[in-house]
Amino acid sequence: MQQLPVPTSLRHLTFCLLFLLPFTFAAPPLQAQQLYQPEKDLAELFEQVQLQAVFPDSKTFPDCIPLSPAADIVRAYRQERNTPGFDLTTFVLAHFQLPPQPGTNFTTDTTQSVTEHIKALWPVLTRRPGGEAGSLIPLPDAYVVPGGRFREIYYWDSYFTMLGLQQSGQTELIQHMVDNFTYLINTAGHIPNGNRTYYLSRSQPPFYALMLRVLAQQKGEAVLLKYAPALQKEYAFWMDGAAQLSATNPAHRRVVRLPDGSILNRYWDDSPTPRPEAYKEDVATARQSGREPAEVYRHLRAAAESGWDFSSRWFADGKNLATIHTTDIIPVDLNALLYHMEMTLAQMAKLKGDKAAAHTFKQKAKARRKALLAYTWHAGDGFFYDYDFVKGTTTQVPSLAAVYPLFFCIAKKKQAAAVAHKLETDFLKPGGLPATLNQTGQQWDAPNGWAPLQWMSVQALRNYKYNDLARTIAQNWAGQNIAVYRQTGKLVEKYNVATLHLEGGGGEYPNQDGFGWTNGVLLKLLSLYPDLQKTQPQQAEVPQ
């Protein structure tokens, strides 16, 4: 099915309204204190297991399932820890069930085409409700996980996964995933990073409105009316505190008031503590920084909310994680997504017949667009950058966040032309586009390319008729995906797009395979350019 263009005004958002579907929420409030929270419930046991690196991957222990009440396990630990011969690893293995290990239930048939392979993977990556325990938040319907160490649903990953499910005819699975996210909005008050208790204090890039558009393409515009209350709640989460901002109180949680009175958004996390799933890494970063630990933890968590964990986008010196200052930054991509959310809310109100609300949201979107162009566009460089509102200047870190104003048709034609030129001259590599132009050793920097950023870039360029460049990016990316699949039987989380015989790397864990959004974007690109499945860039090489 053809991808619907993203609109710039309500006249581009008109559909034929066929019928209204009643929609009521019966889900009870999600009380975090009633759920298992390993970092809190296990107290000093959790800290010691993480700091002593009982497991190589810090995410393993938070995902373990306690075999008895946490309070009983902590009591036993306090009684036994000072006894002769006590071994922490032995204790943990006696009291916890390890999470499922990735890659144990699927064998790749490399005689299949990559399209057939992905369709065969969907059931493997699908999780059904029931049987959940430990830190996993139960969801009412089936959902798709990314794969590898990522055993739970992830917010922004899921939109790109849905693009592939759409091509595979998996409409009901898309419906289930939308309903799960709606459940989370109505019980947790927002869509968490993922359905783990340790993710409840933050969200991820707000793609829920775009998910609704995918579902509406399949089931009709009535979808937008059905889920309007949930999208309004998500918007309230992102805009919490906006009405109380002032010149003397310019920032609160995710909202920031700029000197001209404009209000834009930033990433945030409500907990200034080490991330449970990266505990020892965060403690080490805070120590290295020489700064107040709580401040560093907040910036690290806010970067995790961005999905770009980690990237030079968030570094004060553009090089080192220890200089991270995420909450000082107004991101280009986040505000473009919120522009789209406001435009979608305006459309929903119009469909409902609420002209006043439609006008209000349309004006909010118009104001956001004006502010985004004023603060993030750098005329001298011809590029969109994140804005450091503390310093009062753009960050000058070139990243693919710059394509979001084009994806949502916010950019002016001359701005789009300049961005396209920079993508072609500076970003374009044999395997696609790197996340940034900086090489820092972090996974969201060069030379790594990521599926969601390829899709956003391709579609952004298509919106402004840079079709040849869009196709070249798609060809380079799909060619490398397919070359690696044919050699290894895997589709992975990220790729080295510059030196194709090397794997993507960096970050806090090894490159993962599976992989939800890589699968989704590849299927979507192959639907746009069917011949790409048979051809690959001449430079494409297989990582060894």
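Everything below is about the structure shown above.
Residues numbered from 1 in each chain as written. Predicted model: local features only at pLDDT ≥ 70, side-chain atom pairs only at ≥ 80, totals over all residues. Heavy atoms only, no water.

Peer 1: Hey, could you run me through helix H9 (residues 208–219) in this one?
Peer 2: Structurally, the α-helix is built with 3.6 residues per turn, so residues lying three or four positions apart point the same way. In this model, H9 (12 residues) spans 16 Å end to end at C-alpha, consistent with the 16 Å of a helix rising 1.5 Å per residue. Where burial is concerned, most of H9 is hidden: 10 out of the 12 residues are buried. Turning to H9, its buried residues are Tyr208, Ala209, Leu210, Met211, Leu212, Arg213, Val214, Leu215, Ala216 and Gln217. Just downstream of H9, glycine 220 is the residue with a positive phi angle, here 100 degrees. (Helix = DSSP H or I, 4+ residues; strand = E, 2+ residues; numbered from the N terminus. Expected span 1.5 Å × (residues − 1). Buried < 20%, exposed > 50% of the residue type's maximum accessible area, 1.4 Å probe, protein only.)

Peer 1: Could you clarify how one ought to interpret the sheet that holds strand E11 (residues 387–388) in this entry?
Peer 2: Strand pairs in the sheet, formed through backbone hydrogen bonds, run parallel or antiparallel to each other. Here 3 strands make up an open sheet; going across it, the order is E8-E11-E12 and the pairing antiparallel. Among the strands making up the open sheet, the edge pair consists of strand E8 (329–330) and strand E12 (393–394). Examined bridge by bridge, E8 and E11 share 2 bridges and lie antiparallel to one another. Within E11, the position partnered with isoleucine 330 by the bridge is tyrosine 387. (Pairing = 2+ DSSP bridges.)

Peer 1: In this structure, what is going on with the sheet that holds strand E7 (residues 263–265)? I would like to understand it.
Peer 2: The strand order across the open sheet formed by 3 strands is E5-E6-E7, and the pairing between neighbours is antiparallel. At either margin of the open sheet sits one strand with a lone partner, and together these are strand E5 (251–252) and E7. Of the pairings in the sheet, the one linking strand E6 (residues 255–257) to E7 comprises 3 bridges and is antiparallel in character. Considered in E7, the bridge of valine 256 is made with leucine 264.

Peer 1: How should I be thinking about unusual backbone geometry in this particular structure?
Peer 2: If a residue is not glycine, its phi is most likely negative; likewise, a peptide bond is most likely trans. A cis amide bond, omega 10 degrees, links aspartate 309 with the succeeding residue phenylalanine 310. At the junction of alanine 446 and proline 447, the peptide bond is cis and its omega measures out at 10 degrees in the coordinates. At arginine 253, a position not held by glycine, the phi torsion is positive, near 45 degrees. You can see arginine 253 is positioned in the loop between E5 and E6. Its identity as a non-glycine residue notwithstanding, cysteine 409 has a phi of 55 degrees, on the positive side. Within the fold, cysteine 409 resides in the loop between helix H16 (404–407) and helix H17 (413–427).

Peer 1: I would appreciate a short explanation of the pattern of salt bridges in the present structure.
Peer 2: Oppositely charged side chains are able to pair whenever their charged atoms sit close together. What the rule picks out here adds up to 26 salt bridges. With a shortest N-O distance of 3.3 Å, lysine 280 and glutamate 281 are connected by a salt bridge. Classification of lysine 280 as partly exposed rests on a relative accessible area of 22%. Several salt bridges converge on common partners, so that one network encompasses Lys59, Asp63, Arg151, Glu152 and Arg196. (Salt bridge = Lys/Arg side-chain N within 4 Å of Asp/Glu carboxyl O.)

Peer 1: What am I meant to see in the packing of helix H2 (residues 43–51) against helix H5 (residues 88–95) here?
Peer 2: Geometry of a packed helix pair, given as the angle between the helix axes and the separation of the axes. Across the interface, H2 lies against H5 with an axial gap of 11 Å and an inter-helix angle of 120 degrees. As judged from the angle between their axes, H2 and H5 are oblique. Crossing of H2 over H5 shows left-handed handedness. In this structure, H2 contributes Leu45, Gln48 and Val49 to the contact, and H5 contributes Leu88, Phe91 and Val92. Here the contact of H2 with H5 is built from residues that sort into 5 nonpolar, 1 polar and no charged. (Axes fitted to C-alpha atoms, helices over the stretch in contact; angles between N-to-C directions. Parallel < 35°, antiparallel > 145°, perpendicular 65-115°, else oblique. Left-handed = near helix turned anticlockwise from the far one by under 90°. Contact = heavy atoms within 4.5 Å. Nonpolar A, V, L, I, M, F, W, Y, C, P; charged D, E, K, R; others polar.)

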